[in-house]
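Understanding the architecture of this molecule
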Amino acid sequence: MVTAAPAAGEAGLVPVGSTSPLSTLDPAPLQSALDDVHRAGVPGVYTEVRDSGRVWRGASGVADLETGRPVKAGMLQRVGSVTKTFTAAAVMQQVEKGRIRLDEPVSRYLPKLVPGERGKKITVRMLLNHTSGLPEYLPYAFPSLAKFPSVPDMSPKSLDDNRFRRFSPTELINMALKAPAAGAPGDTPGTYTNANYLILGLLLERVTGTTAEKYITENVIERAGLRHTSFPTGPRIKGPHPRMYESMLGLLDPPRDYSVYDMSWVGTGAALVSTMEDLNRFYGRLLAGEIVKPSSLAQMQRTVKVYSQTGEKIDYGLGLQVMSTGCGTFWGHDGSAWGAGTASWSSADGKRQMSVAVNLARWNKPDSSGKPQPHAIDGAMAAFYQQALCGGGNAS
């Protein structure tokens, strides 16, 4: 039976004006799968799942391990690299206005930022789909993590050192420019790096005459009708949120809370705070052609192979990832910040959507050789994805 819409943050099944049957959005197995994620070791997990106008919101576990404060479905979350889709949409709006051209070199717009031949070869499209060849700057901004993936040679010291450090985008971009290149501009597979999206933030600033954060807020976040999504103005989240526990592949045991953190280290690449409801609304409207034109969305959905930060090959478009399952193709993005993990996926027609947040990150501990090993959380998350995206069908 459909209940009345729950108050903000409460779990439940919410009618949103559709008469479609409820059988494809069954609360009991969804809640059970969410509970399994908590039992597997995640302190708190919360989600919103949509199907043809029906909405289910659920939560399991705690927002605070010390007090036992429960996690709630409407809480705010640092959504990490989900931010990249917002930034890419803003860039595409400027492409539509003729102020940016996808296949023009970045040196046309920012000649001093990326100088020389590199600036002439790297195009805006290459920044958007991570084929610029620029490396990740994180090993230089967080030097105690530089030996990744060799966990025994890493230390969490940099995480504490940088908690209140204010980075400038140019400072971080210069770290990437000075480091050995990850590849030649345009080569595939590309290499996923936050540097690309910090450059895109400065590009937005250059062509709009305002900060990237302000432009994205007014033209993407507000256009999508999002009420709880914003760039943080300081290290604290303003509103109900969980503590965010970072394990750093077992280096932090017990995991340490990094919910208070200056997010300037990722800026327009991964700094946004949002809710699961807002993320579903955003991707639904993006895929419906309401944030950018259908022609721009088609460009965003042209994918190439890219190496993720964990070394896996993923299919990446212009700020969009694609995932193929046994019940269809889903578009969206995942992301992490210190102590927080988020994913948001929508079917191509926007009817089936799932956004999920956890307040634990990098839980896979290494074996004696230093290689991170599978964890029970991995299987539990996969089972939840199956239930949330496919209603229990094949979502491998």
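Summarised in this report is the structure supplied together with it. (Residues numbered from 1 in each chain as written. Predicted model: local features only at pLDDT ≥ 70, side-chain atom pairs only at ≥ 80, totals over all residues. Heavy atoms only, no water.)

If you tally the helices and strands in the protein chain, you get 12 helices and 15 strands. Along the first, second and third principal axes, the C-alpha atoms of the protein chain reach 65 × 50 × 35 Å. Out of the 396 residues in the protein chain, the part that is buried amounts to 55%. Taking contacts inside the protein chain between residues at least 6 apart in sequence as the whole, the part at least 24 apart equals 70%. (Helix = DSSP H or I, 4+ residues; strand = E, 2+ residues; numbered from the N terminus. Buried < 20%, exposed > 50% of the residue type's maximum accessible area, 1.4 Å probe, protein only. Contact = heavy atoms within 4.5 Å.)

Evaluated as defined, the whole model comprises 1 disulfide. Linked covalently through their sulfurs, Cys 327 and Cys 390 form a disulfide whose S-S length is 1.8 Å. Torsion about the S-S bond of the Cys 327 and Cys 390 cystine: about -65 degrees, corresponding to left-handed handedness. In this pair, Cys 327 sits in the loop between strand S11 (321–325) and strand S12 (328–337) while Cys 390 sits in helix H12 (residues 376–390), placing the two residues 63 residues apart along the sequence. Judged by relative accessible area, Cys 390 falls into the buried class, the value being 16%. (Disulfide = S-S within 2.5 Å.)

Moving on, we come to the packing of helix H2 (residues 83–96) against helix H9 (residues 212–221). Running from N to C, H2 and H9 point in directions that differ by 85 degrees, and their axes come no closer than 10 Å. It follows from the interaxial angle that H2 and H9 lie roughly perpendicular. Contacts from Phe 86, Thr 87, Ala 89, Ala 90, Gln 93 and Gln 94 in H2 reach Tyr 215, Ile 216, Asn 219, Val 220 and Ile 221 in H9. When its residues are assigned to classes, the contact of H2 with H9 shows 7 nonpolar, 4 polar and no charged. (Axes fitted to C-alpha atoms, helices over the stretch in contact; angles between N-to-C directions. Parallel < 35°, antiparallel > 145°, perpendicular 65-115°, else oblique. Nonpolar A, V, L, I, M, F, W, Y, C, P; charged D, E, K, R; others polar.)

The subject of this paragraph is the pattern of salt bridges. One pass over the full model with this rule turns up 22 salt bridges. Here Arg 256 makes a salt bridge to Asp 160, at a shortest N to O gap of 2.6 Å. Highlighted residues: Arg 256 in strand S7 (residues 256–257) and Asp 160 in helix H6 (residues 157–161), separated in sequence by 96 residues. Using a relative accessible area of 33% as the deciding quantity, one classes Arg 256 as partly exposed. Here Glu 171 makes a salt bridge to Arg 165, at a shortest N to O gap of 2.8 Å. (Salt bridge = Lys/Arg side-chain N within 4 Å of Asp/Glu carboxyl O.)

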